[in-house]
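Chain by chain, the residues:
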Amino acid sequence: MTPAQRSYPFERSSAFVRCIGACVATALLGACASPSRLPAVPPGLQNQAVVPNLADIRYRAPDFGRMQDDLVLTVQRERAALDARGERGPLPPISFLAISGGGANGAFGAGLLVGWTQHGDRPEFNLVTGVSTGALIAPFAFLGPKYDTQLKRLYTEVTDKDILNLRGISAALFDDALADNLPLQKLVEANITPQLLEAIAEESAKGRTLLVATTDLDADRSVLWNITLMAESRHPQALALIRKILVASAAIPGELPPLMLDVEAAGHAYQEMHVDGGATQQVFVLPAKFLLGKVAQRDRTLYVIRNSRLSVASVQVERNTLSIARRAISSLIHTQGVGDLYQIAAIAKRDRGHFRLAYIPDSFVQPAPDDFDRDYMNALFLVAYQLGRDGYPWAKEPPGFVDE
């Protein structure tokens, strides 16, 4: 099979085709009613908007508020934890892990992590970030190898029925998505338990951080949620909110419902609409304005798991509206993801860190007939597991990146 004949999951996605169809139908019949909502936060109040009873647990682009101060504090907490164990030498090397979106291709990231454990040199990451399917992987990657069995099960035993329920054709006109995500909610509830949240809180006290991204669609901004601070708060509402955020981070706009989040600003009640974090970024480590030297004054490595390929197959695009739109948006998603890799690599180079990249190899050619096909995901998991177990050959720069 030649590269031009290969089927790539993000090009074959039936969900993507349904989304395009929904957009076209909605454009043709835009006068139809849709679900009601509270007013969006006015632009001048967006930076003041907080989740009631859980303030200071998120950061909004582009300034990200007090995020760097919080991360500097984690270094102080790490130093205190080491001192308490009698380890008073220099701070050890630091490792960051960023996990991208990719839907069913999250099986690659899951398999790589489990294989990495078997290889014996998987680090304990000081910072883990996740977007979309990467957000679902991130808590287990953060907590380490003892959660490998759970992570494997999530990406080898699920099917479409564990993620969504298709709504009727009228959903394109009268609802907020073509499917409901009740199965995914139940899956997240079964795996993100009070015990898991307590384990995250304990790691937070040691100076480690877990961040996941959503997109505030009203404001067209990325929002980074500090899951570790939320867990450490031990607030009665924290568990339910974290579950909602993880589901929202994977909510493909038009395909799955958004999270309508109640917030307060200047004494008034509003709602924010949160969808897939990949709508604004496919993968992230830290904002470019942050200097890693202030967060980690020691040897540091930025690992990136891209749950997709770096190359794109050449295909003949049919001359019709849906095929053209589908291919164009697919290209946009791909190039945005590669651009995110360049930004992370540039940050690593500027701040004298080590950049390491893993991605789905072109040698994996099994087509994905459905959005969450179990056979496809098991095959991809196995390939990634074997690569990780044998010692993954991490790329040291994105494609075409020249390090002088």
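See the structure above.
One structure accompanies this document, and this report is about it. Note that the structure is a prediction, hence the values are computed from the model and not measured.

Section: unusual backbone geometry
Inference 1: Following A61, the chain continues into P62 via a peptide bond in cis, with omega recorded as 5°.
Inference 2: Turning to its location among the elements, P62 is positioned in the loop between β1 (58–60) and α3 (67–84).
Inference 3: At F64, a residue that is not glycine, the phi angle is positive and equals roughly 65°.
Inference 4: Mapped onto the secondary structure, F64 falls in the loop between β1 and α3.
Inference 5: With relative accessibility at 10%, the residue F64 sits in the buried group.

Things to note about the packing of aromatic side chains
Inference 1: Tallying each qualifying case throughout the model produces eight aromatic pairs.
Inference 2: Look at F125 and Y303: their rings are 6.1 Å apart centre to centre, the planes differ by 75°, and that puts the pair in the edge-to-face class. Linking F125 in the loop between α4 (106–119) and β3 (127–131) with Y303 in strand β10 (residues 300–306), this pair joins segments that are 178 residues apart in sequence.
Inference 3: The class of F125 is buried, set by a relative accessible area of 1%.
Inference 4: On the basis of an interplanar angle of 65° and a centroid distance of 5.5 Å, the ring pair of F364 and Y376 is categorised as edge-to-face. Here F364 is found in the loop between β11 (354–359) and α14 (374–389), whereas its partner Y376 is found in helix α14, with 12 residues between them in sequence. Exposure class is identical for F364 and Y376. Each is buried.
Inference 5: Aromatic rings pair up to connect W116, F125, Y303, Y392 and W394 into one cluster.
Inference 6: Above the ring of F142, the side-chain terminus of R208 is found at 4.1 Å from the ring centroid.

Observations concerning the pattern of salt bridges
Inference 1: On inspection of all chains with the given rule, the structure shows 18 salt bridges.
Inference 2: Between D70 and R66 there is a salt bridge, and its shortest N-O distance comes to 3.5 Å.
Inference 3: Judged by its relative accessible area of 17%, D70 is buried.
Inference 4: Overall, the relative accessible area of 26% leaves R66 in the partly exposed class.

Calculation rules
Residues numbered from 1 in each chain as written. Predicted model: local features only at pLDDT ≥ 70, side-chain atom pairs only at ≥ 80, totals over all residues. Heavy atoms only, no water. Helix = DSSP H or I, 4+ residues; strand = E, 2+ residues; numbered from the N terminus. Buried < 20%, exposed > 50% of the residue type's maximum accessible area, 1.4 Å probe, protein only. Phe/Tyr/Trp six-rings, centres within 6.5 Å; stacked < 30°, edge-to-face > 60°. Lys NZ or Arg CZ within 6 Å of the ring centre and 35° of its normal. Salt bridge = Lys/Arg side-chain N within 4 Å of Asp/Glu carboxyl O.

So far we have only geometry, and geometry alone does not tell us how the molecule works.
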